[in-house]
Amino acid sequence: VQLVESGGGLVQAGGSLRLSCAYSGSTDQINTMNWYRQAPGKKRELVAGFSSAGGTIEYGASVKGRFAISRDNAKNTMYLQMNSLKPQDTAVYYCQAAALISTGQIVDYWGQGTQVTVSS
């Protein structure tokens, strides 16, 4: 599974951005997909994600009500719409997928990340 993020950039506080994650390869093995972020000096944290088979959506407490995750399987793309951005949303955002491979193992795949910077 290959993941490629895009859509990051510099935005003023209160603005919006939409991140995209294009996925390819053995996409039929994908079990869950998530957005994570990591700010300088901080641990990587879950921003939003789909549970197994996309049945449930989960958001991190700090983004609930401002961010929205979506997925277009026809385009093999996952999105993160980010509204009302705050300086504390500044981080590198990563797309992550967990795939169930033929051996029965769960393997995590990560994109290269896209930088989001929110100025005050």
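Below is a summary of the structure that appears in this document. Residue numbers run consecutively from 1 along every chain, following the written order of its sequence. Where local features are concerned, this predicted model is filtered to residues with pLDDT of at least 70; where side-chain atom pairs are given and counted, the filter is 80 or more; whole-chain, interface and lining totals use all residues. Water and hydrogen atoms were dropped before computing side-chain values, which therefore reflect all heavy atoms in the structure.

Our next topic: the pairing of strand β7 (residues 67–72). For β7 and strand β8 (residues 77–82), the ladder comprises six bridges, and the chain directions are antiparallel. Looking at β8, one finds that D72 is bridged to T77. For two strands to be treated as a pair, DSSP must find no fewer than two bridges joining them. Helix and strand definitions here come from DSSP, where helices need a minimum of 4 consecutive H or I residues and strands a minimum of 2 consecutive E residues; each element is numbered from the N-terminal end. Linking β7 back to β8 in an antiparallel pair, the connection comprises four residues, with N76 at a positive phi of about 50 degrees.

The four strands lie next to each other as β1-β3-β8-β7, forming an open sheet whose pairing is antiparallel. Two strands bound the open sheet, and with one partner strand each, they are β1 (2–6) and β7. Averaged over all neighbouring strand pairs, the angle between strand axes comes to 15 degrees, with direction disregarded. Relative to strand β3 (residues 17–24), β1 runs antiparallel, the two being bridged by five bridges. Looking across to β3, one finds that V4 is bridged to A22. Fitted lines through C-alpha atoms serve as axes, helices being fitted only where they are in contact, and the angles separating the N-to-C directions of these axes extend from 0 to 180 degrees.

Any functional reading would require information that these geometric values do not contain.
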